[in-house]
Amino acid sequence: MKGMANPQKSYTPEFKQQIVELYHAGGISYPQLEREYGVNRSTISGWVKQLSPIKVSEEEAITLKEYKALQKENQRLQIENEILKSDRHIRKRPIAEIVAFIRNHLTDYTVSLSQLCSALNFPRSTYYKALVCVPSNRRQAYEEFGRKVKQTYGRSGATFCGGKEIQPSC
């Protein structure tokens, strides 16, 4: 069977942790682990880097994998904090306004669209769908009507109540 790729082996997290523990217990080197378990030396080395505990205090240790997850979560929270500082009620706004906010602020933050959408708790698929969404004729007419009402209201300096114009009570 020429041209077919070899399927990649997968190992359980327990097996990986066992190999790392054997390495740290001492007396067993990478080449010995490679021969005994049939796992490539570079793969074992990667597991040791990812799963070896890092001491953060006297009584607490975390792995590099956990540390990277914490860094990623910290970055997401920092972005979310910056967004909420600039606009506290952004999550309660209509989809169109959230999409506009993302488009306007994507370059302000040194993050990907995925990270920004995650911080806003806004699905990326909704963002992409909104970008290609063409408003219906009814929607366009409704928006035009709204613009005309606002324009008329702005010019009149008065308020409208039940279709009747009333003078402000100021």
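Since the model is a prediction, treat every value here as computed from it, not as a measurement.

Novice: What exactly am I supposed to notice about the side chain of Thr-63 here?
Specialist: Along the chain, Thr-63 falls in strand β2 (residues 61-63). In contact with Thr-63, not counting residues within four places along its chain, are Gln-50, Leu-51, Ser-52, Pro-53 and Ile-54.

Novice: It is not clear to me how the nonpolar core should be interpreted in this structure. Could you clarify?
Specialist: The biggest cluster of nonpolar side chains holds 15 residues, and the ones touching the most others in it are Ile-83, Ile-102, Leu-120, Phe-122 and Tyr-127. Going through the elements one at a time, α4 (64-86), α5 (95-105) and α6 (113-120) are the ones with two or more residues in this core. With five residues, α6 is the largest single contributor of residues to this core. Look past the residues within four positions of Leu-120 in its chain and what remains in contact with it is Ile-83, Ile-90, Arg-91, Ile-98, Phe-101 and Ile-102.

Novice: I tried to follow the environment of Pro-31 on my own but got confused; where do I start?
Specialist: The topology assignment puts Pro-31 in helix α2 (residues 30-37). Note: C-alpha distance between Pro-31 and Ile-44 (13 residues apart in sequence) is 9.6 Å.

Novice: Help me understand the packing of aromatic side chains in this model?
Specialist: Any aromatic ring pair is given by two values, namely how distant the centres are and how the planes are angled relative to each other. Tallying each qualifying case throughout the model produces six aromatic pairs. For the ring pair Tyr-11 and Phe-15, a centre distance of 5.4 Å and an interplane angle of 20 degrees mean the geometry is stacked. Here Tyr-11 falls in the partly exposed class, since its relative accessible area comes to 25%. On the numbers, 6.0 Å between centres and 85 degrees between planes, the contact of Phe-15 with Trp-47 is edge-to-face. Residue Phe-15 is found in helix α1 (residues 13-25), and its partner Trp-47 is found in helix α3 (residues 41-51); the two are separated by 32 residues along the sequence. The residues Phe-15 and Trp-47 share a single accessibility class, namely buried. Grouping aromatic residues by their ring pairs yields a cluster made of Tyr-11, Phe-15, Tyr-37 and Trp-47.

Novice: Looking at this structure, how should I read a nonpolar patch on the surface?
Specialist: Where nonpolar side chains cluster on the molecular surface, the patch consists of Ile-54, Val-56 and Tyr-67 and spans about 250 Å² of accessible area. Of note, Val-56 is situated in the loop between β1 (53-55) and β2.

Reading guide: rules and limits
- Residues numbered from 1 in each chain as written.
- Predicted model: local features only at pLDDT ≥ 70, side-chain atom pairs only at ≥ 80, totals over all residues.
- Heavy atoms only, no water.
- Helix = DSSP H or I, 4+ residues; strand = E, 2+ residues; numbered from the N terminus.
- Contact = heavy atoms within 4.5 Å.
- Core = buried A, V, L, I, M, F, W, Y, C linked by side-chain atoms within 4.5 Å.
- Buried < 20%, exposed > 50% of the residue type's maximum accessible area, 1.4 Å probe, protein only.
- Phe/Tyr/Trp six-rings, centres within 6.5 Å; stacked < 30°, edge-to-face > 60°.
- Patch = residues over 30% accessible without salt bridge, like charges linked within 9 Å, V, L, I, M, F, W, Y side chains within 5 Å.
- Areas by Shrake-Rupley, 256 points an atom, 1.4 Å probe, with all protein chains shown as cover.
- Salt bridge = Lys/Arg side-chain N within 4 Å of Asp/Glu carboxyl O.

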